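# Reading the structure
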Amino acid sequence: QVQVAESGGALVQPGGSLRLSCAASGTVLGIYAMRWYREAPGQQREFVGEITTSGSTRYRDSVRGRFTISRDNAKNTVYLQMDSLIPAETAVYYCNLRGGRGVWGPGPQVTVST
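As a starting point, this report considers the structure included with it. Quick caveat: nothing in here was measured; it's all calculated off a predicted structure. (Residues numbered from 1 in each chain as written. Predicted model: local features only at pLDDT ≥ 70, side-chain atom pairs only at ≥ 80, totals over all residues. Heavy atoms only, no water.)

## Examining the overall build of the chain
For the chain, the count of helices and strands is zero helices and 10 strands. Of the regular secondary structure in the chain, the N- to C-terminal order runs β-β-β-β-β-β-β-β-β-β. A compact globule built from 114 residues would reach a C-alpha radius of gyration of about 13 Å, and the chain, at 13 Å, matches this within 12%. For the C-alpha atoms alone, the extent of the chain along its principal axes is close to 40 × 25 × 20 Å. Every one of the 114 residues in the chain was classed for burial, and the buried ones make up 46%. (Helix = DSSP H or I, 4+ residues; strand = E, 2+ residues; numbered from the N terminus. Rg over C-alpha atoms; globule rule 2.2 N^0.38 Å. Buried < 20%, exposed > 50% of the residue type's maximum accessible area, 1.4 Å probe, protein only.)

Here you go:
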């Protein structure tokens, strides 16, 4: 099973920025398309964005232009850069293989508030 460790969650003010990391040990993430998801309180987990093995990305409409997914295969890490954050994006964020085949972890909490 693929186990990743997300990090970087924090309290950030509206309009602020935050970068989340998704790293793995003992598993080469470079061979997988990776996705970021988020789950707000009382809501279903939703798709945020995706990066393929070649570096191509796609995003849900509401974050396109503000969020950027990247990967550094040398560090075996996938990143989610979030800019111009709004309170509605307060959620627990998750990283997983496309299709959710990896192990779902606790995920970091991102809180956007004054």
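Structure shown, so let's carry the discussion forward.
## So, the sheet that holds strand S6 (residues 57-59)
Across the sheet, six strands lie side by side as S2-S10-S9-S4-S5-S6; this open sheet has mixed pairing. For this open sheet the edge positions go to strand S2 (11-12) and S6, each flanked by a neighbour on one side alone. Where S2 meets strand S10 (residues 109-112), two bridges bridge the pair, whose relative direction is parallel. Following the sheet pairing, Leu11 is matched in S10 by Thr111. (Pairing = 2+ DSSP bridges.)

## As for the nonpolar core
Judged by nonpolar contacts, the single largest core of 27 residues is most densely connected at Met34, Trp36, Phe67, Leu80, Met82 and Tyr93. Secondary-structure elements contributing two or more residues to this core are strand S3 (18-23), strand S4 (34-39), strand S5 (46-51), strand S7 (67-72), strand S8 (77-82), strand S9 (91-97) and S10. Looking at this core, the element that brings in the most residues is S9, giving four residues. The contacts of Met34, once residues within four sequence positions are left out, are Val4, Cys22, Leu29, Gly49, Glu50, Ile51, Arg71, Val78, Cys95, Asn96, Leu97 and Arg98. (Core = buried A, V, L, I, M, F, W, Y, C linked by side-chain atoms within 4.5 Å. Contact = heavy atoms within 4.5 Å.)

## Structural notes on the state of the cysteines
Linking two cysteines covalently via their sulfur atoms produces the bond known as a disulfide. Tallied over the full model, the rule gives one disulfide. Between Cys22 and Cys95 runs a disulfide, and the two sulfur atoms are separated by 2.1 Å. Around the S-S axis, the bridge from Cys22 to Cys95 shows a dihedral of about -75° and counts as left-handed. In this pair, Cys22 sits in strand S3 while Cys95 sits in strand S9, placing the two residues 73 residues apart along the sequence. (Disulfide = S-S within 2.5 Å.)

## Brief notes about the pattern of salt bridges
Taken as a whole and judged by the stated rule, the model has eight salt bridges. For Glu50, the salt bridge is made with Arg58, and the minimal N-O distance between the two is 3.5 Å. By relative accessible area, Arg58 is classed as partly exposed at 41%. Measuring nitrogen to oxygen at the nearest pair gives 2.7 Å for the salt bridge that ties Asp61 to Arg64. (Salt bridge = Lys/Arg side-chain N within 4 Å of Asp/Glu carboxyl O.)

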